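Summary of the model geometry
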Amino acid sequence: MTQLVHTPEALATALPAGPISLVPTMGALHNGHLALVRDAQELGNPVVVSIFVNPLQFAPGEDLEKYPRTLAEDVAKLEKEGVDAVFAPSAETMYPHGPRTTIQPGPLGGVLEGATRPTHFAGVLTVVAKLFALTGASDAFFGEKDYQQLALIRQMVDDLHLPVRIHGCPIVRDTDGLALSSRNRYLSAEERVTALAIPRALATGSLSEAQLLLDANEGLHLDYLVATAEDMSELPDGYTGPARLLVAAKVGATRLLDNAPVEL
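The notes below deal with the structure included here. Not measured: the values here are computed from a predicted model.

Scoring rules and cut-offs
Residues numbered from 1 in each chain as written. Predicted model: local features only at pLDDT ≥ 70, side-chain atom pairs only at ≥ 80, totals over all residues. Heavy atoms only, no water. Helix = DSSP H or I, 4+ residues; strand = E, 2+ residues; numbered from the N terminus. Contact = heavy atoms within 4.5 Å. Core = buried A, V, L, I, M, F, W, Y, C linked by side-chain atoms within 4.5 Å. Buried < 20%, exposed > 50% of the residue type's maximum accessible area, 1.4 Å probe, protein only. Polar contact = N/O pair within 3.5 Å; in protein donor to acceptor, adjacent residues only side chain to side chain. Axes fitted to C-alpha atoms, helices over the stretch in contact; angles between N-to-C directions. Left-handed = near helix turned anticlockwise from the far one by under 90°. Arc of directions from axis to C-beta. Pairing = 2+ DSSP bridges. Right-handed = clockwise from strand over helix to strand, strands pointing away. Salt bridge = Lys/Arg side-chain N within 4 Å of Asp/Glu carboxyl O.

A look at the side chain of N184
With respect to the helices, strands and loops of the structure, N184 is situated in the loop between β6 (165-169) and α8 (189-195). Residue contacts for N184: discarding those within four places in its chain leaves L178, A179, R192 and L256.

Right, dumping it as structure tokens:
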């Protein structure tokens, strides 16, 4: 039976000694989250899913207040998956003294998503590090859709010598090709059709062709489209080989992220 707990003390009681697999989420679970759960279960460890809408990663004016909160539905889905525990703390539980100590992401945290949302990644890394400590996780699972976030979490674990193995899991897409995201529910039917230009652009496997396709969509406002190395380092001039195309764009009021591996 899945145990729902809200405090670190209850979580410690709910989890057995030994390796633990953690799937951190902000709730509003979709099939992408459940795919992470299934990947975590393949290790054979007890699996804990955290559900916490982290205020530190939202800047003033962002969608913290309207971010979907569906705890009862989420727990029901996780019970069907056989998750061992769901950790759903309050902000007061996670930050009893406020955001007093935070983890800064370094130069990679100031570009792309970090340029648009300069405080975002410090909030992400801080809450992820706290979740690692509270759960005692030996393994943690993150989706590749938030690719820069995944790269920064790997960087943090490496730089701070944290005893956690990070597993990056492939993007899960809807039948129409749109990458699954809790924010997709903000899209109107017409906006969703416009948003489909994003996966179509990435499917070209070409930075220039993707740029042309995205520029041709009037309802889509491109923030960035870049090619980076798989570890998100800058590509040298004339580089050929494996790389990653990353895109961020607004459709209506909804900001969407996506990426895909490519061979340049």
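That shown, we press on.
Structural notes on the nonpolar core
Counting residues in hydrophobic clusters, the biggest one holds 39 residues, and the most contacted among them are V48, V128, F132, F142 and I166. Those elements giving two or more residues to this core turn out to be α1 (8-14), β4 (85-87), α6 (120-135), β5 (139-143), α7 (147-159) and β8 (242-251). Tallying contributions element by element places α6 first for this core, with eight residues. Those residues in contact with V128, other than ones at most four positions away along the chain, are F142, I153 and M156. In terms of nonpolar packing, the next biggest core, distinct from the first, is built from 22 residues, L187, L196, L202 and L256 among them.

Here we look at the side chain of N45
By the secondary structure assignment, N45 is in the loop between α2 (31-41) and β3 (47-51). A polar contact of 3.2 Å, which involves the side chain of N45, links it to the side chain of S21. Every residue in contact with N45, bar those within four places of it in the chain, is listed here: P19, I20, S21, S138 and D139.

Notes on the packing of α2 against helix α3 (residues 71-81)
In contact at an axis separation of 11 Å, α2 and α3 are set at 35° when each is read in the N-to-C sense. Two packed elements cross with a definite hand, and for α2 against α3 that hand is right-handed. Taken together, the residues of α3 that come into contact with α2 (itself represented by L34, V37, R38 and Q41) are K77, L78 and E81.

A short note on α3
For α3, the full list of buried residues reads D74, V75, L78 and E81. Projected down its long axis, α3 shows its buried positions confined to an angular sector of 115°, all on one face. Pointing more than 90 degrees away from the buried face of α3 are the exposed residues A72, E73 and K80. Tucked inside the fold, the buried residues of α3 contact β1 (3-5), α2, β3 and β4. One or two positions beyond α3, positive phi appears at G82, with a value near 80°.

Quick notes on the sheet that holds β8
The strand order across the open sheet built from three strands is β7-β8-β9, with neighbouring strands paired in antiparallel fashion. A strand with exactly one partner marks an edge of an open sheet, and here the two such strands are β7 (220-228) and β9 (254-263). Sheet twist, expressed as the average angle between the axes of neighbouring strands with direction ignored, equals 15°. Relative to β9, β8 runs antiparallel, the two sharing 10 bridges. Counterpart to V251 in the pairing with β9 is T254. The strands that helix α10 (residues 207-215) touches are β7 and β8; relative to β7, the one it contacts most, it runs at about 175°.

Quick notes on the pairing of β5
Buried residues dominate β5, accounting for four of its five residues. Strand direction decides the pairing type here: strand β2 (residues 21-25) and β5, joined by two bridges, are parallel. Bridging from a neighbouring strand, S21 pairs with D139 of β5. Sheet analysis places β5 next to β6, joined by five bridges and oriented parallel. Considered in β6, the bridge of G143 is made with C169. Taking the sense of rotation as the criterion, the β-α-β connection linking β5, α7 and β6 turns out right-handed.

Some points on the sheet that holds β4
A sheet is described by the order of its strands in space; here six strands give the open sequence β1-β4-β3-β2-β5-β6, paired in parallel fashion. Two strands bound the open sheet, and with one partner strand each, they are β1 and β6. The average angle at which neighbouring strand axes cross in this sheet is 25°, direction not considered. Relative to β3, β2 is paired through five bridges, and the arrangement is parallel. Looking at β3, one finds that V23 is bridged to V49. Along the sheet, α6 makes contact with β2, β3, β4, β5 and β6, crossing β2 at roughly 145°.

Points about the pattern of salt bridges
Tallying each qualifying case throughout the model produces 12 salt bridges. The partner of R255 in a salt bridge is E113, and the shortest N-O contact between them spans 2.5 Å. One end of the pair, R255, is in strand β9; the other, E113, is in helix α5 (residues 113-116), with 142 residues separating them in the sequence. Among the charged side chains, a network of salt bridges with common partners joins E113, D223 and R255.

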